[in-house]
Amino acid sequence: MMSPDLQSRPRLAPGCRLNDANKQQQVLLMPERALRLNGPSLEIVQRCDGNHTVLQIITELQQIYSKAEPKKVETDILGYLTLLSDQRALDFE
Amino acid sequence: MTPPANPLALIAELTHRCPLHCVYCSNPVELTNRAEELPTEIWSRVFQEASHLGVLQADFTGGEPLARTDILELIRAARMAGLYVNLITSGMPMDQARLAKLIEAGLDHLQLSFQGAREDTAQEISGTKSHAQKLRVLEWLKKVRVAVTLNFVIHRRNIDQIEEMLEIAESSSATRIEFANVQYYGWAFANRESLLPTRAQLDRSLEVIKNAETRLRGKIRIESVVPDYYAKYPKPCMGGWGRKLVLITPNGDALPCHAAKVIPGLHFANVKQSALKEIWETSEAFETFRGEAWMQEPCKSCDRRAVDFGGCRCQALLLAGDPAATDPVCSLSPNRSKVDALLADLNGSIATAGVVPAPPAEAALTKPDWLYRPNPS
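Because the structure is a prediction, the values reported are computed rather than measured.

Criteria and cut-off values
- Residues numbered from 1 in each chain as written.
- Chains lettered and ligands numbered in written order.
- Predicted model: local features only at pLDDT ≥ 70, side-chain atom pairs only at ≥ 80, totals over all residues.
- Helix = DSSP H or I, 4+ residues; strand = E, 2+ residues; numbered from the N terminus.
- Rg over C-alpha atoms; globule rule 2.2 N^0.38 Å.
- Buried ≥ 20, exposed ≤ 12 C-beta atoms within 10 Å, placed from the backbone.
- Contact = placed C-beta atoms within 7 Å.
- Core = buried A, V, L, I, M, F, W, Y, C linked by C-beta atoms within 7 Å.
- Axes fitted to C-alpha atoms, helices over the stretch in contact; angles between N-to-C directions.
- Parallel < 35°, antiparallel > 145°, perpendicular 65-115°, else oblique.
- Left-handed = near helix turned anticlockwise from the far one by under 90°.
- Pairing = 2+ DSSP bridges.
- Right-handed = clockwise from strand over helix to strand, strands pointing away.
- Arc of directions from axis to C-beta.
- Nonpolar A, V, L, I, M, F, W, Y, C, P; charged D, E, K, R; others polar.

Caption draft 1: Here's a closer look at the overall build of chain A. Looking only at helices and strands, chain A features three helices and five strands. Beginning at the N terminus, the succession of helices and strands in chain A can be written as β-β-β-β-α-α-α-β. Whereas a compact globule of 93 residues would reach a radius of gyration of roughly 12 Å, chain A reaches 13 Å, a difference of no more than 12%. Taking the principal axes of its C-alpha atoms as reference, chain A extends roughly 35 × 30 × 20 Å. The 93 residues of chain A split such that 30% are buried. When contacts within chain A are restricted to residue pairs at least 6 apart in sequence, long-range pairs at least 24 apart make up 57% of them.

In structure tokens, the structure reads:
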């Protein structure tokens with residue numbers, strides 16, 4: 001995909017989910033693959049619930065990471081969503 | 001030596017029973033009898049131990065894992081233990097109701113094997129009529145919520161069907177395709193001369209796959225494994241011996257990989273007697289090729305030794321007679337000439353100027369004398 005539509009609502013695809021919350025390391029699980037999630041990536045994935053638009057995810061993370069350059073936050077989020085989409089971990093509604 | 005990092009995957013080889021008789025099967029030539037299969041309770045304990053050890057995913061495989069009548073309990077037990085559940089299946093012992101129950105039990109991902117793009121190829125390779133049933137499973141999968149991978153096992157008899165395979169995948173709900181070139185272990189090793197693709201076939205297939213990857217980006221994730229006989233360097237087999245995963249056989253033996261029993265003199269611990277943590281950290285079979293102390297030259301001083309770990313130990317045993325040797329598919333291996341000789345036979349000898357080598361077209365068309373994998377008693 002070129003870049004996610006700002007008004008679309010990303011949702012984790014079937015068979016893609018977080019591991020149990022009580023584990024030390026939060027991981028995004030998908031077929032034969034696991035992606036480690038740290039602060040920002042975890043914040044993004046938690047918002048891929050079919051309710052948040054891409055724009056809302058960007059806005060919320062810009063607020064959380066208020067010390068970071070807003071444009072960079074936007075670029076990083078769009079890049080990460082594209083990566084997840086290429087891995088087929090996201091559907092965009 | 002520092003304890004190894006935790007394994008990430010548990011390969012649960014639940015049974016060697018299977019309705020198919022695929023000539024490329026990587027199960028060992030000596031199949032485990034049904035009577036020796038681990039009961040539900042022991043698998044449940046193994047799942048718990050695996051999760052505590054840090055394992056994230058379980059691969060339910062076999063044989064045919066759906067041959068287990070307790071498959072629903074096993075899926076539930078693995079999910080309760082906190083594992084992500086992959087089911088590697090032929091789709092044969094399945095109907096729409098059973099599929100619904102598998103998903104209800106907590107199945108995360110279903111990987112459906114294909115022996116070809118057509119019924120005649122599938123029947124030749126699997127020794128039974130199987131293709132139509134798989135197409136039915138694809139229809140049922142469209143109506144349920146589960147991750148779906150189509151795994152096309154590739155070899156000389158079907159490598160020219162990649163475009164047709166893509167059509168099947170694209171008209172299904174699959175979000176992932178594996179083009180898995182056969183690797184030569186178990187039954188595949190016995191049938192090797194009939195399975196290896198020609199260089200020309202392989203090159204063409206890579207082109208088709210590369211174009212499809214680009215075209216399908218964002219729609220279907222494509223992964224392909226090339227036959228390493230044609231590679232320059234070996235694969236980092238299993239992510240390194242005893243580094244990333246543990247395989248439990250139907251009777252409970254703990255192996256670093258599915259072929260490890262070909263290596264003579266290795267003693268394998270069994271989950272009936274030992275805890276998984278102890279097996280992973282200290283058992284002889286797991287320790288034997290960890291680290292670099294076991295390496296011979298050229299691996300011992302090679303820049304790639306932490307990249308591919310010297311390749312595959314089982315393949316070194318099968319092709320060079322020594323499990324500690326450099327994997328002979330490596331261009332730096334003193335045994336590479338053995339692999340080259342096999343490929344030269346298959347592909348015809350090098351053309352002298354103006355003389356076109358005879359393509360093995362006839363060899364590709366006539367049906368080989370297959371050694372079919374039987375069902376264990």
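Caption draft 2: Here's a closer look at the overall build of chain B. For chain B, the helix and strand inventory stands at 15 helices and nine strands. Its C-alpha atoms give chain B a radius of gyration of 21 Å, within 12% of the compact-globule value 21 Å for 377 residues. Seen through its principal axes, chain B has C-alpha atoms that stretch 65 × 50 × 45 Å. Counting the 377 residues in chain B, one finds 47% classified as buried. Intrachain contacts of chain B at a sequence separation of at least 6 include 72% that bridge at least 24 residues.

Caption draft 3: Just the nonpolar core, in detail. All names here are of chain B. Within the largest apolar cluster, 121 residues are counted, with the highest numbers of intra-cluster contacts made by Leu-10, Tyr-24, Phe-47, Ala-78, Leu-83, Val-85 and Ala-188. A total of six residues in this core trace back to one element, the largest contributor, which is strand E5 (residues 147-154). In this structure Ala-78 touches Phe-47, Ala-58, Leu-83 and Val-85, once residues within four positions along its chain are discounted.

Caption draft 4: Structural context of the packing of helix H1 (residues 40-53) of chain B against helix H2 (residues 71-80) of chain B. All names here are of chain B. H2 packs onto H1 with a crossing angle of 20 degrees between their chain directions and a minimal axis gap of 9 Å. When the interaxial angle is binned, H1 and H2 end up roughly parallel. In this structure, the crossing between H1 and H2 has a hand that is right-handed. Across the interface between the two elements, Thr-40, Trp-43, Ser-44 and Phe-47 from H1 touch Glu-73, Leu-74, Ala-77 and Ala-78 from H2.

Caption draft 5: Highlighting the pairing of strand E1 (residues 9-13) of chain B. Residue and element names in this part refer to chain B. The buried fraction of E1 is high, at five of five residues. Along E1, one buried face is formed by Ala-9, Ile-11 and Glu-13 and the opposite face, lined by Leu-10 and Ala-12, is buried too. Two strands pair when backbone bridges link them, and E1 and strand E2 (residues 57-61) are joined in this way by five bridges, in the parallel orientation. Directly across from Ala-12, in E2, lies its bridge partner Phe-60. Where the polypeptide runs from E1 across H1 and back to E2, its parallel neighbour, the crossover connection is right-handed.

Caption draft 6: Summary view of helix H4 (residues 119-126) of chain B. Residue and element names in this part refer to chain B. Regarding H4, the residues found buried are Ala-122, Ile-125 and Ser-126. Projected down its long axis, H4 carries its buried residues within an arc of 85 degrees, all on one side. In this structure, the buried side of H4 is in contact with helix H5 (131-141). Positive backbone phi, at 75 degrees, marks Gly-127, one or two positions downstream of H4.

Caption draft 7: Layout of the sheet that holds strand E3 (residues 27-30) of chain A. The three strands are arranged E2-E3-E4 (chain A) in an open sheet whose pairing can be described as antiparallel. Each having just a single partner strand, strand E2 (17-18) and strand E4 (33-36) of chain A make up the two edges of the open sheet.

Caption draft 8: Quick peek at the packing of helix H2 (residues 54-64) of chain A against helix H3 (residues 70-86) of chain A. All names here are of chain A. The interhelical angle for the contact between H2 and H3, taken along N-to-C directions, is 135 degrees, at an axis separation of 9 Å. The pairing of H2 with H3 is recorded here as oblique in orientation. Seen from above, H2 lies across H3 with right-handed handedness. Contact with H2, carried on its side by Val-54, Ile-57, Ile-58, Leu-61 and Gln-62, involves Pro-70, Val-73, Glu-74, Ile-77 and Leu-81 of H3 and no other residues of that element. In terms of residue class, the contact of H2 with H3 is made up of eight nonpolar, one polar and one charged.

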